[in-house]
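# Overview (structure and organization)
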Amino acid sequence: MKLDMKNIHIKNGQLVDPLAGTENTGDLFIADGKIVGVGSAPAGFVADEVIDATGLVVAPGLVDFAARLREPGQEYKATLASEMAAAVAGGISSVVCTPDTDPVLDEVGLVTMLRQRSKTLDLARVYPVGALTRGLKGVEITEMAQLHEAGCVAFSQGDVPIADLQVLYRAMQYAANFGFELRLRPEEASLVNDGVAHDGPYASRLGLTGIPVVAETIAIAQITQLMRATGCKVHLARVSSAAGLELIRAAKREGLKLTCDVSINHIHLVDLDIGFFDSQYRFDPPLRSVADRDAIVAALNDGTIDMICSDHAPVDDDGKLLPFAQAERGATGLELLLPLTLAWARSNKISLPQALAKISSTPAKALGFDAGLAVGNRADLLLFNPQASWYVIPEKLKSQGKNTPFIGHEMIGKVAKTIVKGKVVYSA
Amino acid sequence: MYNPQLNAQGELIHLLTTEGLPRRVLHQILDKAAEFVSGGELVNQKFADLAGTSVFNLFFENSTRTRTTFEIAAKRLSADVSSLNIQASSTAKGETLLDTVHNLEAMGANLFVVRHSESGAAHLIAKHVKPGIAVVNAGDGRHAHPTQAMLDMFTIRHYKGDFTNLRIAIVGDVLHSRVARSQIHALSTLGCPDIRVIAPKTLLPTGVENLGVHVYHDMAEGLKDVDVVAMLRLQNERMAGAYLPSTQEFFKYYGLTPEKLALAKPDAIVMHPGPMNRGVEIDSAVADGDQAVILPQVTFGIAVRMAVLSIVTANQKGLL
């Protein structure tokens with residue numbers, strides 16, 4: 001047992017278990033990095049620390065399914081240390097990171113180094129997604145099996161679509177051979193072309209080159225056809241359109257091993273929010289129409305969309321203070337995942353266990369562990385005040401990326417403590 | 001959403017787009033421009049409106065005609081004018097757009113005239129300049145070319161008197177045209193009841209009808225009984241590839257010939273923002289014909305730019 005591992009007694013919290021779908025007030029007991037008691041302490045338990053959780057929700061730590069950590073190679077945008085601090089400040093105990101670092105995560109050594117660095121930091125757990133093709137160039141597939149052994153939980157192209165379907169076909173065959181999952185952004189590059197915003201009346205008005213919805217639907221159609229041909233498991237990342245969600249709904253009905261996520265931004269924002277070319281609203285995929293956003297919300301409510309991710313992408317000011325089309329895409333998101341998910345739940349009358357499932361137990365399941373409050377589960381926990389409000393002030397964010405369209409917005413739901421491996425790693 | 005072109009009193013402090021400007025402001029520009037025109041010609045006189053003002057023409061994209069007319073306009077108003085062809089200088093060395101602007105601010109700039117290949121560049125600059133400095137958009141990407149649109153409005157008002165009973169057709173590459181977008185917004189605000197766009201589907205922006213225009217793909221239908229035909233320049237680089245099969249085919253179906261023009265009202269005027277591609281979007285017989293007002297447009301362009309520079313400068317100084 002590590003010297004700093006304490007027996008913790010969390011007292012009188014609102015225990016929300018998204019895995020069991022339950023909500024009770026009570027106590028929770030932690031020892032050896034695990035939950036050892038719910039309601040009452042196990043025999044012989046002596047608490048080193050007692051946390052009074054009166055008025056706080058006690059839930060499994062959040063699992064963010066897509067974050068860019070920028071290290072290695074883009075430390076001027078963010079470091080592993082800064083983003084892990086942001087993760088735990090956002091109640092996230094497990095971060096799935098994308099392979100689009102520089103160099104990209106396409107070699108065992110790099111994956112090992114990343115995991116080692118994150119272990120040394122000892123904040124949130126890091127789950128690397130390996131590159132699907134070498135250098136994300138879409139030409140040669142990577143040593144997936146060895147990368148998997150090194151700790152990669154799945155394989156993806158980040159935001160770079162594979163142009164050559166033959167390569168994607170082979171990659172899916174190869175991945176299926178080992179039972180690996182691919183995380184693919186459904187986007188047909190030739191239809192994106194030089195597009196920068198949703199192809200609709202608003203982009204036309206602003207004179208911004210449009211990315212049509214068919215860029216997404218054609219890619220989904222291709223991917224699902226290749227799934228039928230190869231038996232590969234696929235997770236579709238950041239779905240953005242109503243038409244795309246219809247295809248996913250049909251594929252799921254058919255029984256394909258398909259899951260998908262949506263970003264916090266696309267639940268709340270639409271193309272009209274771009275206003276006068278505000279580059280804070282430049283995203284990949286682009287923010288789509290009100291009807292698409294409404295379809296996203298409906299698909300979250302009915303379970304077509306399995307999970308919500310932060311799509312965290314720390315961007316520095318130099319990357320944002322440019323004309324819209326030249327500005328970097330993305331926004332910081334780790335610290336906004338919880339409140340923006342809660343905002344969706346509130347406005348759609350979704351229960352707390354159901355809402356938290358989208359950002360904890362469901363993505364955890366995909367990573368192979370249970371994010372619940374049962375005895376024996378990991379003591380990766382989040383304590384938050386569901387009523388407390390706060391404002392997004394860039395300087396107060398822990399992430400090195402200060403850019404987000406939610407600057408100045410009121411968030412409801414404030415993280416009080418984050419516990420990872422039985423240790424308090426963040427206290428407000 | 002607040003309008004970054006207007007100050008708290010609703011006065012024009014930048015001209016970035018014709019979209020969202022009150023009708024009052026559009027008329028103010030037209031009326032002010034009229035002060036600089038007499039009998040269809042520029043008043044041959046120098047004005048002091050911009051005396052002591054440093055105007056920087058920042059052209060991040062090539063242009064001879066627009067840059068020259070802005071230079072002439074600023075000089076006629078007694079400004080000190082510097083024109084920078086940025087493509088060949090700072091930004092090529094890696095300086096960002098805003099770095100360039102802040103450097104010129106430090107050199108005492110009072111007004112920036114900006115042309116840039118990216119939509120929204122002028123908005124970005126206007127958002128980041130110091131208080132008291134005006135920005136005039138001289139064309140940004142596909143987004144806006146407000147002074148061109150206003151000189152078109154001036155031309156229409158000069159020949160037709162009023163906007164509220166006109167049928168106007170905008171013809172050609174609307175997709176890539178900042179001029180068309182600015183014309184549509186200005187015409188809508190000025191009360192034009194029937195704005196038409198005529199183009200093949202490949203050259204129309206998605207959802208263009210949401211801008212309040214009627215869409216035609218056929219010249220014969222679209223030009224019927226119109227009062228004004230506003231031709232757009234077809235960028236030759238658009239001809240290759242999948243937008244259009246050839247210049248010949250485009251000319252045959254969408255080029256303005258005397259026969260097609262005959263479908264419009266007999267007294268219809270023909271406008272073109274220039275430079276023209278004769279035999280591609282317009283027949284020489286039309287370009288040089290009685291109904292063409294293309295050269296007066298150029299003259300009015302200087303008056304309108306003088307008006308805009310004068311108004312934004314005065315409002316920035318708080319003198320009006």
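Cut-offs and rules
Residues numbered from 1 in each chain as written. Chains lettered and ligands numbered in written order. Predicted model: local features only at pLDDT ≥ 70, side-chain atom pairs only at ≥ 80, totals over all residues. Heavy atoms only, no water. UniProt positions renumbered as here; feature names shortened; annotations may be inferred. Helix = DSSP H or I, 4+ residues; strand = E, 2+ residues; numbered from the N terminus. Rg over C-alpha atoms; globule rule 2.2 N^0.38 Å. Contact = heavy atoms within 4.5 Å. Axes fitted to C-alpha atoms, helices over the stretch in contact; angles between N-to-C directions. Parallel < 35°, antiparallel > 145°, perpendicular 65-115°, else oblique. Left-handed = near helix turned anticlockwise from the far one by under 90°. Nonpolar A, V, L, I, M, F, W, Y, C, P; charged D, E, K, R; others polar. Disulfide = S-S within 2.5 Å. Buried < 20%, exposed > 50% of the residue type's maximum accessible area, 1.4 Å probe, protein only. Phe/Tyr/Trp six-rings, centres within 6.5 Å; stacked < 30°, edge-to-face > 60°. Lys NZ or Arg CZ within 6 Å of the ring centre and 35° of its normal. Pairing = 2+ DSSP bridges. Polar contact = N/O pair within 3.5 Å; in protein donor to acceptor, adjacent residues only side chain to side chain. Arc of directions from axis to C-beta. Salt bridge = Lys/Arg side-chain N within 4 Å of Asp/Glu carboxyl O.

Per an unreviewed UniProt entry, chain B carries the name Aspartate carbamoyltransferase and comes from Chitinibacter mangrovi. For chain B, the Subunit (unreviewed entry) comment in UniProt is given as "Heterododecamer (2C3:3R2) of six catalytic PyrB chains organized as two trimers (C3), and six regulatory PyrI chains organized as three dimers (R2)."

Labelled according to an unreviewed UniProt entry, chain A appears under the name Dihydroorotase, originating from Chitinibacter mangrovi.

Our focus in this paragraph is the overall build of chain B. Helix and strand content of chain B: eleven helices and eleven strands. Relative to the 2.2 N^0.38 estimate, which gives 20 Å for 320 residues, the radius of gyration of chain B is 19 Å and therefore close to what a compact globule would have. Expressed as lengths along the three principal axes of its C-alpha atoms, the size of chain B is roughly 55 × 45 × 40 Å. Counting only contacts in chain B whose residues sit at least 6 apart along the sequence, the fraction spanning at least 24 positions is 73%.

A word on the packing of helix α5 (residues 146-160) of chain B against helix α6 (residues 178-189) of chain B. All names here are of chain B. Between α5 and α6, the shortest axis-to-axis distance is 8 Å and the interhelical angle comes to 50°. When the axes of α5 and α6 are compared, the pair comes out oblique. Between α5 and α6 lies a crossing of right-handed hand. Contacts between α5 and α6 pair P146, Q148, A149, M150, D152, M153 and I156 from the former with V179, S182, Q183, A186 and L187 from the latter. For the contact of α5 with α6, a count of residues per class yields eight nonpolar, three polar and one charged.

It is worth spelling out the state of the cysteines at this point. Between two cysteines, a covalent bond joining their sulfur atoms is known as a disulfide. All names here are of chain A. Tallying each qualifying case throughout the model produces zero disulfides over all chains. The thiol of C232 is unpaired, and the distance to the nearest cysteine sulfur, on C152, comes to 15 Å. C309 takes part in no disulfide bond, and the closest cysteine sulfur, belonging to C260, lies 10 Å away. With relative accessibility at 0%, the residue C309 sits in the buried group.

Turning our eyes to something else, we now look at the packing of aromatic side chains. All names here are of chain A. All chains considered together, the criterion is met by nine aromatic pairs over all chains. Geometrically, the ring pair formed by F178 and F180 is stacked, given 5.2 Å between the ring centres and 10° between the ring planes. Site record: aromatic cluster; members linked through ring pairs are F155, Y174, F178 and F180. The cationic tip of R378 hangs over the ring face of F369; the distance from NZ or CZ to the ring centre is 3.7 Å.

Another aspect to go through is the side chain of T155 of chain B. All names here are of chain B. Structurally, the position occupied by T155 is in helix α5. A relative accessible area of 0% places T155 in the buried class. T155 has contacts with M271, V293, Q297 and F300, leaving out every residue within four places of it along the chain.

Take the environment of A221 of chain A next. Topologically, A221 of chain A is positioned in helix α7 (residues 214-230). Separated by ten residues in sequence, A221 of chain A and I211 of chain A place their C-alpha atoms 17 Å apart.

With that settled, the discussion passes to the sheet that holds strand β6 (residues 62-67) of chain A. All names here are of chain A. Spatially, β6-β7-β8-β9-β10-β13-β14-β15 is the arrangement adopted by the eight strands of the open sheet, whose pairing is parallel. The open sheet has two edge strands, β6 and β15 (307-309), and neither has a second partner. Put simply, the sheet's adjacent strands are angled 30° from each other on average, direction ignored. Bridge count for β6 against strand β7 (residues 92-97) is four bridges, and the pairing is parallel. Each bridged residue has a counterpart across the sheet, and for A67 the counterpart in β7 is C97.

All names here are of chain B. Using the residue numbers shown here, the UniProt feature "binding site: L-aspartate" (unreviewed entry) corresponds to K93, R178 and R233. Aside from chain neighbours lying at most four places away, what touches R178 is E61, R115, H116, G139, D140, G141, R142, H143, A144 and H145. Here G141 takes part through its backbone oxygen, which lies 3.2 Å from a polar atom of the side chain of R178.

Another point: helix α8 (residues 247-254) of chain B. Residue and element names in this part refer to chain B. Turning to α8, its buried residues number three or more, namely F250, F251 and Y254. Axial view of α8: buried residues confined to an arc of 105°, hence all on one face. What points out from α8, more than 90 degrees from its buried face, is the exposed set Q248 and K252. Residues of α8 that are buried sit in contact with β7 (167-171), β8 (194-198), α7 (219-222), β10 (228-231) and α9 (258-261).

Facing 24 residues of chain B, the contacting portion of chain A comprises 19 residues. Linking chain B with chain A are one salt bridge, by the criterion used here. Here E19 of chain B and R205 of chain A are joined by a salt bridge, their closest N and O atoms 2.6 Å apart. Applying the counting rule to chain B against chain A returns five residue pairs in polar contact (both at pLDDT 80 or more). Mapped by element, the contributors of at least two residues to the side of chain B that touches chain A are α3 (97-106), α4 (121-128) and α6 of chain B. Looking at which element gives the most residues to the side of chain B that touches chain A, the answer is α4 of chain B, with four residues. Tallied by class, residues from the side of chain B that touches chain A come to nine nonpolar, eleven polar and four charged.

Residue and element names in this part refer to chain B. On the basis of which strands lie adjacent, the open sheet formed by four strands has the order β4-β3-β5-β6 and parallel pairing. Where the open sheet ends on each side, the last strands, each with one partner, are β4 (80-85) and β6 (134-140). Ignoring which end each strand starts from, the neighbouring axes of this sheet average 15° apart. Contacts between helix α11 (residues 294-317) and the sheet are confined to β5 (111-116) and β6, with β6 contributing the most and set at about 145° to the helix.

Another point: the side chain of N277 of chain B. Residues and elements named next belong to chain B. Relative to the helices and strands, N277 resides in the loop between β11 (269-271) and α10 (284-287). On the basis of relative accessible area, N277 is assigned to the buried category, the value being 14%. What N277 contacts, discounting residues up to four positions off in sequence, is R233, L234, N236 and I282.

With that settled, consider the UniProt feature "domain: Dihydroorotase catalytic" (unreviewed entry) in chain A. UniProt's feature table lists "domain: Dihydroorotase catalytic" (unreviewed entry) at residues 57-241 of chain A, given in the numbering used throughout. Spanning residues 57-241 of chain A, this segment combines 39% helix with 21% strand, and its end C-alpha atoms are found 33 Å apart.

For the rest of this paragraph, the subject is the packing of helix α8 (residues 242-254) of chain A against helix α10 (residues 290-302) of chain A. The relative placement of two packed helices comes down to the angle between their axes together with the axis-to-axis distance. All names here are of chain A. For the pair α8 and α10, the least separation of the axes is 8 Å and the interaxial angle reads 30°. As judged from the angle between their axes, α8 and α10 are roughly parallel. Residues A242, L245 and R249 of α8 touch α10, and the partners they reach there are A291, D292, A295, I296, A299 and D302. Here the contact of α8 with α10 is composed, by residue class, of six nonpolar, no polar and three charged.

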